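# Geometric and topological summary
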Amino acid sequence: MFENIPSRYIIIASTLMAILMGTFIMMMRLRSQRKPVNAKKILIPPIAMSTGALMFVFEEFRVPPLQILEAIVVGVIFSFVLIATSKFEIRDNEIYMKRSKAFFIILVSLLLIRTLGKVVLTDSFDPGELAGMFWLLAFAMLWPWRIAMLIQYKKIEKSHLIDSLEKGNL
């Protein structure tokens, strides 16, 4: 499918697309902190991203088992950083993501690390295989982070409900 396109053009295009998508996601993430959170908003991104697994239907994107493991391990490690910086707070009787200056810096850093990794690994991997590896990395980063957020959200929601019942606000 991509054999007629020189790999450097594919890498450049996919890197630019990753930067654009990363920037878009960061802007959405910062904007979403102004609105209350709910379980649906926490779970939709990883569910929507799961449709990207359809890329593996095509041979070009398939990744050998060892690289699958490597991508997943790196993604899970990155998720710990996001988990550590994602906190909730109650404002106006609703649950919001707590603003963190470190969060934006971490997202930019992760985007830079991914971009540099892609540039460095370009000579070692086929562009399609590299795309598959980075999708796996992102997916393995997103799921643990969102599950941890959901658990934290549910705890805060439950304690807020109990507090509200005790105070007679409901």
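Structure's up top.
What this report covers is the structure whose coordinates are included nearby. Because the structure is predicted, anything quoted here is derived from the model rather than measured. (Residues numbered from 1 in each chain as written. Predicted model: local features only at pLDDT ≥ 70, side-chain atom pairs only at ≥ 80, totals over all residues. Heavy atoms only, no water.)

### A closer look at the pairing of strand S1 (residues 88-91)
Looking at chain direction, S1 and strand S2 (residues 94-97) are connected through four bridges and run antiparallel. Across the sheet, Glu89 pairs through a bridge with Tyr96, a residue of S2. In sequence, S1 turns back onto S2 through a hairpin of two residues, with Asp92 there showing a positive phi of about 50°. (Pairing = 2+ DSSP bridges. Helix = DSSP H or I, 4+ residues; strand = E, 2+ residues; numbered from the N terminus.)

### Here's the deal with the packing of helix H2 (residues 39-49) against helix H5 (residues 127-167)
Taken N-terminus to C-terminus, the directions of H2 and H5 make an angle of 165°; their axes are 9 Å apart at the nearest point. It follows from the interaxial angle that H2 and H5 lie roughly antiparallel. Once H2 is placed against H5, the crossing between them reads as left-handed. Of H5, the residues touching H2 (which contributes Ala39, Lys41, Ile42, Leu43, Pro45, Pro46, Ile47 and Met49) are Trp135, Ala138, Phe139, Leu142, Trp143, Arg146, Met149, Leu150, Tyr153 and Lys154. (Axes fitted to C-alpha atoms, helices over the stretch in contact; angles between N-to-C directions. Parallel < 35°, antiparallel > 145°, perpendicular 65-115°, else oblique. Left-handed = near helix turned anticlockwise from the far one by under 90°. Contact = heavy atoms within 4.5 Å.)

### Looking at the packing of aromatic side chains
The geometry of two aromatic rings is summed up by the distance between their centres and the angle between their planes. For the coordinates displayed, the defined rule picks out four aromatic pairs. Ring geometry for Phe56 against Trp135: centres 5.6 Å apart, planes inclined by 75°, an arrangement best described as edge-to-face. Residue Phe56 is located in the loop between H2 and helix H3 (65-85), and its partner Trp135 is located in helix H5; the two are separated by 79 residues in the primary sequence. On the numbers, 6.1 Å between centres and 75° between planes, the contact of Phe139 with Trp143 is edge-to-face. Of this pair, Phe139 and Trp143 both sit in helix H5, four residues apart, which is roughly one turn of that helix. On the accessibility criterion, Phe139 (22% relative accessible area) is partly exposed. Ring-pair connections join several aromatic residues into one group, and the members of that group are Phe56, Trp135, Phe139 and Trp143. Note that Arg91 overlies the ring of Tyr96, its terminal NZ or CZ placed 4.1 Å from the centroid. Looking at Arg146, its charged tip hangs above the ring of Trp145, at a distance of 4.7 Å from the centre. (Phe/Tyr/Trp six-rings, centres within 6.5 Å; stacked < 30°, edge-to-face > 60°. Buried < 20%, exposed > 50% of the residue type's maximum accessible area, 1.4 Å probe, protein only. Lys NZ or Arg CZ within 6 Å of the ring centre and 35° of its normal.)

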